[in-house]
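# Overview (structure and organization)
Here is what each chain is made of, one letter per residue.
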Amino acid sequence: MYEEWIRHALKLATKQQHLASQPDQTDQPNPPERPVQADQPNQPCQAVPPSDIPIAALVIDGSGAIIGVGVNTREAQGDPTGHAEINALRAAGLSRGDWHLEDCTLVATLEPCTMCAGAAVLARVRRIVFAAWDPKAGACGSIRDVVRDRRLNHQIEVVGGVLETEARTQLRDYFNSLR
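All of the points below concern the structure found in this document. This one's a predicted model, so the numbers in the text were calculated from it and none came from an experiment. All residue numbers here refer to positions counted from 1 along the written sequence of the relevant chain. Totals for whole chains, interfaces and linings use all residues, but because this is a predicted model, local features are given only for residues with pLDDT of at least 70 and pairs of side-chain atoms are given and counted only at 80 or more. Side-chain measures were taken over the full set of non-hydrogen atoms in the model, leaving aside hydrogen atoms and water.

## Notes on a nonpolar patch on the surface
- By definition, no residue in a patch forms a salt bridge, and every one has over 30% relative accessible area; like charges are joined within 9 Å, nonpolar side chains (Val, Leu, Ile, Met, Phe, Trp, Tyr) within 5 Å. Residue-level accessible areas treat just the shown protein chains as cover; the underlying method is Shrake-Rupley with a 1.4 Å probe. Whenever a carboxyl oxygen of Asp or Glu lies within 4 Å of a side-chain nitrogen of Lys or Arg, that contact is scored as a salt bridge. Nonpolar side chains collect at one region of the surface, where Ile53, Phe175 and Leu178 lie side by side and expose about 260 Å² of accessible area between them.
- The class of Phe175 is partly exposed, set by a relative accessible area of 36%. Type-normalised accessible area, obtained with a 1.4 Å probe on protein chains alone, sets the label of each residue: buried when under 20%, exposed when over 50%, and partly exposed for intermediate values.

Laid out in structure tokens, this is it:
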């Protein structure tokens, strides 16, 4: 189950490489539309803007339905809070009409940072599942453990390293393409 969710998030994040390799068609009268948010793994997904690091996140409710999808949009929107996890949590809250996400799992291709981990605590998600550990900014066990801090009002179960090799390879390929 976790691997299926991570695979879906990795596919969402790889949309960036596909979009980046396409000729720029934004100046054409009717540019092709980008895929939109997906409700289920086999449907089209919102794509990562080519200027952003290819990280994606999903929010899965207790029944296994995807209720929030997010990709990094910091560069595209000039928004320092435009992380995939924040965008997925926002979408899930809007989808539900409520910020309480107690029965939900946040799935991400990279270990959430302090901001995203804090947002998950505030949303009261039940579990975080992620692919690659982040030794530079990870806040779910790498350099901090915000989500399991007993001083906070809510602690989150963490499942890390699911399909880590695939996620790490995807990120490495992205950064190598910039060089």
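## Here's the deal with the packing of aromatic side chains
- Here is the rule: rings of Phe, Tyr and Trp (six-membered ring for Trp) pair when centre to centre is within 6.5 Å. Planes less than 30 degrees apart are stacked, more than 60 are edge-to-face, and the remainder are tilted. Tallied over the entire structure, the rule returns three aromatic pairs.
- With centroids separated by 5.8 Å and ring planes inclined at 45 degrees, the aromatic side chains of Tyr2 and Trp5 adopt a geometry described as tilted. One end of the pair is Tyr2 and the other is Trp5, both in helix α1 (residues 2–21) and three residues apart, which spans about a single turn.
- A relative accessible area of 22% means that Tyr2 is categorised as partly exposed.
- A relative accessible area of 9% means that Trp5 is categorised as buried.
- Look at Tyr174 and Phe175: their rings are 5.1 Å apart centre to centre, the planes differ by 75 degrees, and that puts the pair in the edge-to-face class. Only DSSP runs of H or I with at least four residues qualify as helices, and only runs of E with at least two residues qualify as strands; both kinds are numbered from the N terminus onward.

## Quick word on unusual backbone geometry
- A positive phi is found at Arg124, a non-glycine position, where the angle reads about 65 degrees.
- Mapping Arg124 onto the fold places it in the loop between α4 (114–123) and β4 (127–132).
- Unlike most non-glycine residues, Leu163 shows phi in positive territory, near 55 degrees.
- Along the chain, Leu163 turns up in the loop between β5 (157–159) and α5 (164–178).

## What to know about the side chain of Asp61
- Following the sequence through the fold, Asp61 ends up in the loop between β1 (56–60) and β2 (66–71).
- Although buried, Asp61 forms no salt bridge, and the nearest oppositely charged side chain, Arg96, lies 4.6 Å from it.
- Dropping the residues within four chain positions of it, Asp61 is found in contact with Ile67, Arg96, Asp103 and Cys104. For the purpose of counting charges, residues Lys and Arg are taken to be positive, whereas Asp and Glu are taken to be negative. His and the chain ends are not included. Should any heavy atoms of two residues lie within 4.5 Å, those residues are counted as being in contact.

## Focus: the side chain of Glu85
- With respect to the element layout, Glu85 can be found in helix α3 (residues 84–96).
- As a buried residue without a salt bridge, Glu85 has its nearest oppositely charged side chain in Arg74, at a separation of 9.3 Å.
- Not counting the four nearest positions on each side in its chain, Glu85 is found in contact with Ala57, Leu106, Ala108, Leu110, Glu111, Pro112 and Cys116.

## Regarding α5
- The end-to-end C-alpha distance of α5, which contains 15 residues, comes to 22 Å, matching closely the 21 Å that a straight helix rising 1.5 Å per residue would cover.
- Listed in full, the buried residues belonging to α5 are Ala167, Gln170, Leu171 and Tyr174. Viewed end-on, α5 has its buried residues packed into an arc of 90 degrees, placing them on one side of the element. Expected helix span is computed as 1.5 Å times (number of residues minus one). The arc in question is the one traced by the directions running from the helix axis out to the C-beta atoms.

## Observations concerning the layout of surface pockets
- Cavities and pockets were defined on a 1 Å grid built over protein atoms only: a cavity is a set of grid points that admits a 1.4 Å probe from which the probe cannot escape, a pocket is an open set flanked by protein on both sides within 12 Å along at least five of seven lines, and lining residues are those with an atom within 4 Å of any such point. Grid points are joined across faces, edges and corners, and a volume is the space filled by probe spheres set on the points. Estimated volume of the largest pocket: approximately 530 Å³.
- Lining the largest pocket are 21 residues, with Ile53, Ile55, Leu110, Asp134 and Phe175 positioned closest to its centre.
- Secondary-structure elements contributing two or more residues to the lining of the largest pocket are α2 (74–77) and α5.
- With four residues, α5 is the single largest residue contributor to the lining of the largest pocket.
- Looking at side-chain class alone, the lining of the largest pocket contains nine nonpolar, three polar and nine charged residues. Each residue gets one label: Ala, Val, Leu, Ile, Met, Phe, Trp, Tyr, Cys and Pro are nonpolar, Asp, Glu, Lys and Arg are charged, and the others, such as Gly, are polar.

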